[in-house]
Every structure is written in C-alpha cells, then in structure tokens.
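Per-entry structural report
Now for the letters of each chain:
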Amino acid sequence: MNPFAQQDLDRIEAERVQAWSMPLAAIDPADRRLFEENALFPYFERLRREDPVHYHEASYAGQFWSITRYDDIRAIDQNHAVFSSEPSVTFAEGDVTQANFITMDQPRHHQQRKAVAPVTGPTNLAAMQDLIRARVCVILDDLPIGQPFSWVDRVAIELTTQMLATLFDFPWEQRRKLTRWSDVATSSTDSGVNESKASRQAELQECYDTFRALWEARKDDPSGNDLLSLLLRSEDTRYMSPTEFFGNVILLIVGGNDTTRNSITGGVLALNQYPEEFEKVKANPKFIPNMVSEIIRWQTPVNYMRRTALADFELHGNTIRAGDRVAMWYVSGNRDETVFDHAHDLQIDRPNARSHLSFGYGIHRCMGNRLAEMQLRILWEELLARFDSIELASLPYRYRSNLIRGYREMYVELRAKARG
C-alpha cells in the first residue's frame, strides 16, 4: 500500500482506543476535528453498536439526536410528516445561504425543485455527455507525468467548476469563483477558509451581487437551458424574495460542486488504500459504473442532514420530542456493517453499492445524482485509458467541517500506460 494512504488509515486506528474507552455521553460526532483528521469512524461504530439513537446534551453543535444506523436513517429521511427540513438541514440556523428548497417541506419544496429539475433530466444529460468527455480529455492530457501535482486543483476542482459554469451559463473566465463561493458558504469561521465573519460576508455579498446581475440580465429573455433561466421561467420561482433567490443559488452551487469534486479525490485515495481494487478495474473496466457508486458510498461527500421533529416519535425505546433536532449521519449509515459487508473497505464489485445513502433518501434525494455519476464514470474511463498508476505523493488534507467531507489538498504522481 502507498505509504501516504497507509498513514491516512492509521489516523483511524489511532483514535480507536479513545473512542471505545471514553464515556458514551462524552462522544460528540459534530466535533469537526474528527473529520479533519479522518478520526471519525470508531466513534460512529460505537454509537451504532451501543446507542444508535443517541441524545447529545453537551455537543459543540448544541443539543441533538444522532441517528447512525442505515435503516433508521432511511426511515427518518422519508418520514416527512414527522421530520421537517425547516428551518434548516444543518446545525446552523439563520444563515443567509439557507433559504432554499432543500430547507422547505411540501408543497413549497416540490414547487421550487421542479423548476430546475430539467437541467439534470435524461435529455440534458445525454446532450452533455460528449462535452464532459471532451473536457475530461483536455484536463487529463495536460497533466504532468512522473512528477507530483495537485490532484484537487488540476482535476477535481477544474472539472467540476467547468460543469458549474455550464449549468449556470456563468462567465467562463470567472468560473473558479464558483468553487470558492461553495467553500465559503459551507465553512465556519475557524475552518481556515475565511479569515473572519466579515470576510465571509463580503465574499457572499459578491456572490449575491454577481448572480443578481445575471438574473436581471436574463429576465427579458429567459429562454436558455441554464439554471437561472429555468428559475425565471417558473411562476413558482420567478418572484422569489432576494433571500430565497440567494439561498437557491448557493444550494445549486454547493450541490453541483461537492459530491463530484470530493468523490473525484476520494476515489483516488480509496484506490491507493485498496490497490488490489485498482488492479481489478484496470483488468476489467466494466466495473467502472459500479465502482463509481462504491466510491460515492465510501467517500460520503455530505456527512449528515438534519431534521426537526414536528411531533413526539418513538425509536428504539427513545422518545424524540417535538422540536428536537435530529442528525441523520449518512457517513455512518454508509459504513453500517449490517448492510455493507466489510463496510470500511472499498470493493468495486460490491453488489449493493448503489444502495448507499450519499444522495439522501426520500423527496430530498440529490437532484443531480445522475450528473455526478456520469462525470465520475467518464473521468475513470479516460483515466484508465491513459495511466497505469495514480500514486499518492502526499497525505490528503481535509476540510475542518462536519457537513462536507472534502479535501483541501492532495498531491499525486502519474505513470503513463504503456503503448503498443
């Protein structure tokens, strides 16, 4: 195994003694250090085993219930009558980025979501496939061989930011702003992304002003197939308040960025930690579609989603009271050993890989899941056509975030595939 990949796995094992010896009440799965240091999994293992519906009274994020088993997460995620997405689907509340359709219950959720759903519909996906492949080829053919480079910057960010620019019909030369705004919107002030609350607010204001100008420019002719034009053509979204307009813009930026970007990087890390799986897919590329699903399960780009109980609810002998906050830990459900055999391992031919929770479940299931899968599939098809190995050249450095399981940096080194 690659030594950097082994060091990343060692972080998990180093935490195991503490996770299983500390008082259960002292476990705080919202602690962002656990995610930054890749030390989270032993804590979730213990919660799944000993207290799968656990109430945290003294968490960094405030009081909330943790739901950590796969079946319980699915049950709550589809119980929209009892568990509400309002006022927030994260631990944070009242942020300017949160007034969007994912934080709405029916019927408003469906009314706003359906306005933009056609952008990732079958017809549009088929039309985008050749464009994505052409862009992937340009990106990969420009990479250095035999010397370390930033995989996050040159591949993961570049591919996803190009796709975001297309979806929004955003000025091409400014497309990197979309990635930056996504990071700013999902980060806290101690994450290293923002210098202060004021600097975060200033960047979000720039994002709002930029998109408001694009919105105004397209009002008279919203005939395009971009996300802003689709919002303008719907009576349910054309007259949104400024707050809802900005909230939906941020939601679409983050949704189009984080799953794909971090799964692109997570897949390379996983195949370095499980090199026998890389050899398996090199020998038989037919595994790529299933491997993509397995990578998304293994990576789990969004760690959790929150709901708020509308009524008292009994689960495994616990009473969740009306008004309580409930965190559905997708990152734990995707490692539930009762559902996924050897759940911590990457297995590219895993028979139930597509049953992962990374896209959510129920009416809030990720709208762009097929687009994310298509981008990852095409990327791996073209990677395998060009390179014999993609070796880690540094430790992966993750974001200090309990929401997005993402990578700040990771260097790799490529070896070209032998020709002839």
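The present account deals with the structure reproduced in this document.

What counts as what
Residues numbered from 1 in each chain as written. Predicted model: local features only at pLDDT ≥ 70, side-chain atom pairs only at ≥ 80, totals over all residues. Heavy atoms only, no water. Helix = DSSP H or I, 4+ residues; strand = E, 2+ residues; numbered from the N terminus. Rg over C-alpha atoms; globule rule 2.2 N^0.38 Å. Buried < 20%, exposed > 50% of the residue type's maximum accessible area, 1.4 Å probe, protein only. Areas by Shrake-Rupley, 256 points an atom, 1.4 Å probe, with all protein chains shown as cover. Lys, Arg positive; Asp, Glu negative; His and termini not counted. Charge placed at Lys NZ, Arg CZ, Asp CG, Glu CD. Pairing = 2+ DSSP bridges. Core = buried A, V, L, I, M, F, W, Y, C linked by side-chain atoms within 4.5 Å. Disulfide = S-S within 2.5 Å. Contact = heavy atoms within 4.5 Å. Axes fitted to C-alpha atoms, helices over the stretch in contact; angles between N-to-C directions. Parallel < 35°, antiparallel > 145°, perpendicular 65-115°, else oblique. Nonpolar A, V, L, I, M, F, W, Y, C, P; charged D, E, K, R; others polar. Expected span 1.5 Å × (residues − 1). Salt bridge = Lys/Arg side-chain N within 4 Å of Asp/Glu carboxyl O.

**A look at the overall build of the chain**
Tallying secondary structure elements over the chain gives 15 helices and 12 strands in all. Taking 420 residues into account, the globule formula puts the C-alpha radius of gyration at 22 Å, and the chain, at 21 Å, falls close to it. For the C-alpha atoms alone, the extent of the chain along its principal axes is close to 65 × 65 × 40 Å. In the chain, which comprises 420 residues, the share counted as buried stands at 58%. Of the roughly 16,600 Å² of accessible surface on the chain, a fraction of 51% belongs to carbon and sulfur atoms. Of the charged side chains in the chain, 49 are positive and 59 negative; the average position of the first set lies 2 Å away from that of the second.

**Digging into the pairing of strand β12 (residues 411-416)**
When strand β4 (residues 149-150) meets β12, the two strands line up antiparallel, connected through 2 bridges. When the sheet's bridge partners are listed, Ser150 is paired in β12 with Tyr411. With 5 bridges connecting them, strand β9 (residues 387-392) and β12 associate as antiparallel partners. Bridging across to β12, Ile390 finds its partner in Leu414.

**Quick notes on the nonpolar core**
Counting 86 residues, the largest nonpolar core has Trp151, Phe168, Phe211, Leu228, Trp380 and Ile390 as its most contacted members. With 13 residues, the top contributor of residues to this core is helix α11 (residues 242-273). Listed in part, the 44 residues of the second largest apolar core include Ala61, Ile67, Tyr70 and Met305.

**Some thoughts on the state of the cysteines**
Here a disulfide denotes a covalent bond joining the sulfur atom of one cysteine to the sulfur atom of another. The final tally for this structure, using the stated rule, is 0 disulfides. Cys207 forms no disulfide, and the closest cysteine sulfur to it belongs to Cys366, at a distance of 19 Å.

**Comments concerning the environment of Val119**
Position of Val119 relative to the elements: it lies in the loop between α5 (108-116) and α6 (122-141). Along the primary structure Val119 and Arg335 are separated by 216 residues, whereas in three dimensions their C-alpha atoms are 32 Å apart. Apart from residues lying up to four places away in sequence, Val119 is in contact with Asn124, Met128, Leu167, Asn225, Leu227, Leu230 and Met367.

**A short note on the packing of helix α8 (residues 176-186) against α11**
Running from N to C, α8 and α11 cross one another at 100°; their axes reach a closest spacing of 9 Å. With respect to α11, the axis of α8 lies roughly perpendicular. Contact with α8, carried on its side by Leu178, Thr179, Ser182, Asp183, Ala185 and Thr186, involves Ile250, Ile253, Val254, Asn257, Asp258 and Arg261 of α11 and no other residues of that element. Here the contact of α8 with α11 is composed, by residue class, of 5 nonpolar, 4 polar and 3 charged.

**What about α6?**
A rise of 1.5 Å per residue sets the reference length of α6, with its 20 residues, at 28 Å; its end C-alpha atoms lie 29 Å apart and thus fit the reference within 8%. Within the sequence span of α6, burial applies to Asn124, Leu125, Met128, Ile132, Arg135, Val136, Cys137, Ile139 and Leu140.

**Observations concerning the sheet that holds β12**
With respect to topology, 3 strands assemble into an open sheet ordered β4-β12-β9, the strand pairing being antiparallel. Of all strands in the sheet, those bounded by a partner on one side alone are β4 and β9. The sheet contacts of α11 involve β9 and β12, and relative to β9 the element is tilted by about 90°.

**Focus: the pattern of salt bridges**
On inspection of all chains with the given rule, the structure shows 39 salt bridges. Residue Arg154 pairs with Asp142 through a salt bridge whose shortest N-O separation is 3.4 Å. With Arg154 in helix α7 (residues 151-168) and Asp142 in the loop between α6 and β4, this pair connects stretches of sequence that are 12 residues apart. Glu158 is paired through a salt bridge with Arg176; the nearest N and O atoms lie 2.9 Å apart. Note that Glu158 is positioned in helix α7 and Arg176 in helix α8, a separation of 18 residues in sequence.

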